[in-house]
Amino acid sequence: MSLSASGISIRFGGLVALNKVAVSVSPGEIVGLVGPNGAGKTTLFNCLTGVAQPQEGHVQLEGQDISHLRLEHRVRLGIGRTFQTPRLDLAGSVADAVMLGFYPRLRQSILSACLPFSAARRTEDELSARARALIAEFRLAADPDSPAGELSLGHLRLLEVARALASEPRYLLLDEPAAGIDDVDRDLLAQAIRNAAGRGLGVLLVEHNVGFVAELSHRMVALVGGEVVAEGKPADVVGDPQVVAAYLGVQRVAA
Amino acid sequence: MSRDARLWAAPAVVVAAFIVVMLLGLVRPSLHTTMFTIGLYALIALPLGLIYGQGGTISLAQGSFAAVGAYTSAILTTRYGLPPALSVIPAVLLPAALAFVIARPILRLPELSLALVTLSLGTVIAVGLQRGGDFTGSYVGLSGAPPLPIVGKDPVLVAIALWTAVLLVVVMYSHFVQSARGRALNAIRVDRLLAEAMGVNVPLDLATLFAVAAGIAGLAGWFYVHSIGYIAPDSLNVETSAHILFMVVLGGRRAVLGPILGAAFFTFANDFLPGAETHGLFFGTILVLILLLSPDGILSPQALRVLQRPFARRAPAEPTARPAAIADAKEAVQ
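Since the model is a prediction, treat every value here as computed from it, not as a measurement.

Here we look at the overall build of chain A
At step 1: Helices and strands together make up the secondary structure of chain A, namely ten helices and ten strands.
At step 2: In terms of C-alpha radius of gyration, chain A reaches 19 Å, essentially the compact-globule figure of 18 Å for 255 residues.
At step 3: Considering only C-alpha atoms, chain A reaches an extent of 75 × 40 × 35 Å along its principal axes.
At step 4: Within chain A, the fraction of its 255 residues that count as buried is 45%.
At step 5: Counted over contacts in chain A with a minimum sequence separation of 6, partners at least 24 positions apart contribute 70%.

Spelled out as structure tokens, the structure:
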């Protein structure tokens, strides 16, 4: 029972972005993927979500090979995600943005969506109530009908987490969720992530900010130059000489 | 506005406006034919409003899809003796199928390229109709199409039948935009990667709606040929498609009623303006002026919000209402 990638290699022209990388997340576990800029974190994230196709290696969900599946299929199988730069309709309401998250769980036909008094119509009230409950739980906005564009960056990130949770995922993949947000929002976000893991979701955090990840994750994976250089308990990974060298720019620790 | 009010506001406006104009038509009978023209344009423009305004997918082929529907029905009724009540089915399905097949490769193109590709599609259809020999009636077209079933040739009944179709499309459009499918289409316009990440099958959704739009245009073509009794390559063509896009953009592509308002504006302006050669100048100027003032057209979300503001102020003390709403939501969770 896990979401795992194994033997992932991907090259962009002559540049080796990932070289035989393996990473896995189990239900209820928070895994932090750290590394300096250009280490291949986002590329690995894209391989897991289906945005990028690796040249070698496999992605497996609960033992089933999903390497060939496209992004929208993986979402329906239970891989929820957020974006590094929040992606949403800023002119639309906060409630509508969260309600979009229910889409993968609904099997609604276009005809049903068009007709009055249809099944789609009856679920609409229920979806609206559930979205409002999520907005209240995450303290996203006092007024769910206010435009999403009025939220701060931190709240937009939280909104993306709420939207991803609305799709009832088994695994939640977060791309740089803590980048550029203030301490209050960061605490709210950390709490949301802990709650999600507490409910049995596997969480993969891709982060630049080692401190935030070390505090939150059960296990950490450090990626440098497209290869896994350290893996294990947060304290061990943070203290690993290669990780320190990569972050502090030291060329090589004297042997 | 409550959810039900938002669902039924646009259909109610259509019904009210239709009744008023038809009653005025008792005094001035030419209004009945004007109403027919507006309804025809509205029927072709409404689905374009949906795929362009909500889905960000432009099309300059709506007029040509209407022509395909009209020709299909004309050929089947005049050559094969099919009654119009039956020929309506292929008149809708043929343009829809055509649109669905070509949609997949072209709908991934950016807006301008898509406009050009759909424009050239219209040109290809026009050339096909002109060079179709006896089968399509060549440059002369086809005449002798029988009148519409049940309503016959009575202009009032024809207008009622046509506007019933318009009303149905408005009802379905209003419901669609406030559904999970409608939100998915909105996500496609905002950001295709976002839509995919939300589990939306973007190519299939766009192709389906493109086909539905073409099918509804085909239905308008069917109304056209069986009311006028005649169809030629110039009746519904690339120029019609451009006019339809003008109506959608001017009236408001984001609003359900935008295309209808645009169709009404275009038709009335055509009737009252002297000299056809000045029309282009007039429409061009109006379009530039409106888009400068309101980039989303006359019925834009911003313009509607301004109209609603005086009513919103009358609502009782907002700050107390907000915590209550949250409390309600919390109860809903428990």
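Quick word on the pairing of strand β1 (residues 3–12) of chain A
In the case of a regular strand, side chains alternate between the two sheet surfaces.
Residue and element names in this part refer to chain A.
At step 1: Pairing of β1 with strand β2 (residues 15–25), which is carried by seven bridges, proceeds in the antiparallel orientation. Directly across from Ile10, in β2, lies its bridge partner Leu18.
At step 2: Counted between consecutive antiparallel strands, the loop separating β1 from β2 contains two residues, among which Gly13 sits at a positive phi close to 65 degrees.
At step 3: As judged from the five bridges shared by β1 and strand β4 (residues 56–61), these two strands associate in the antiparallel manner. Paired with Leu3 across the bridge in β4 is Leu61.

Observations regarding the pairing of strand β8 (residues 202–207) of chain A
All names here are of chain A.
At step 1: The buried fraction of β8 amounts to six of the six residues, a majority that puts the element mostly inside the structure.
At step 2: Residues Gly202, Leu204 and Val206 of β8 are buried on one face, and the alternating residues Val203, Leu205 and Glu207, pointing to the opposite face, are buried as well.
At step 3: With five bridges joining them, strand β3 (residues 30–34) and β8 adopt parallel strand pairing. Counterpart to Gly32 in the pairing with β8 is Leu205.
At step 4: By the bridge criterion, five bridges tie strand β7 (residues 171–175) to β8 in an arrangement that is parallel. By the bridge assignment for β8, Asp175 is matched with Val206.

Brief notes about the sheet that holds β4(A)
All names here are of chain A.
At step 1: Spatially, β2-β1-β4-β5 is the arrangement adopted by the four strands of the open sheet, whose pairing is antiparallel. Of all strands in the sheet, those bounded by a partner on one side alone are β2 and β5 (64–65).
At step 2: For β4 and β5, the ladder comprises two bridges, and the chain directions are antiparallel. From the neighbouring strand, Gln60 faces β5, where its bridge partner is Asp65.

Considering the confidence of the model for chain B
At step 1: A residue-level look at chain B finds 90% of positions with pLDDT of 70 or above and a mean pLDDT of 89.
At step 2: In the predicted structure, residues 313–334 of chain B sits below a pLDDT of 50 and forms twelve contacts with residues beyond four places in sequence or in another chain.

Here's the deal with the sheet that holds β8(A)
Residue and element names in this part refer to chain A.
At step 1: Read across the sheet, six strands follow the order β6-β7-β8-β3-β9-β10 without closing on themselves; strand pairing throughout is mixed. In this open sheet, the two strands that pair with only one neighbour each are β6 (79–81) and β10 (227–232). Within the sheet, the average angular offset between the axes of one strand and its neighbour, ignoring direction, is 20 degrees.
At step 2: Across four bridges, the pairing between β3 and strand β9 (residues 219–224) is parallel. Within the sheet, the bridge partner assigned to Val34 lies in β9 and is Ala222.
At step 3: Sitting on the sheet, helix α1 (residues 41–49) touches β3, β6, β7, β8 and β9, and the angle it makes with β7 is about 150 degrees.
At step 4: Sheet contacts for helix α7 (residues 183–198): β3, β7 and β8; angle to β8, the most-contacted strand, approximately 150 degrees.

Focus on the interface of chain A and chain B
At step 1: Taken together, the contact pairs 33 residues of chain A with 30 residues of chain B.
At step 2: If you list the elements that add at least two residues to the side of chain A that touches chain B, you get α2 (71–77), α3 (94–100), α4 (110–114) and α5 (119–137) of chain A.
At step 3: Sort the elements by how many residues they give to the side of chain A that touches chain B and α5(A) lands first, with seven residues.
At step 4: In terms of residue class, the side of chain A that touches chain B is made up of 19 nonpolar, four polar and ten charged.

Rules of the game
- Residues numbered from 1 in each chain as written.
- Chains lettered and ligands numbered in written order.
- Predicted model: local features only at pLDDT ≥ 70, side-chain atom pairs only at ≥ 80, totals over all residues.
- Helix = DSSP H or I, 4+ residues; strand = E, 2+ residues; numbered from the N terminus.
- Rg over C-alpha atoms; globule rule 2.2 N^0.38 Å.
- Buried ≥ 20, exposed ≤ 12 C-beta atoms within 10 Å, placed from the backbone.
- Contact = placed C-beta atoms within 7 Å.
- Pairing = 2+ DSSP bridges.
- pLDDT = per-residue confidence, 0-100.
- Axes fitted to C-alpha atoms, helices over the stretch in contact; angles between N-to-C directions.
- Nonpolar A, V, L, I, M, F, W, Y, C, P; charged D, E, K, R; others polar.

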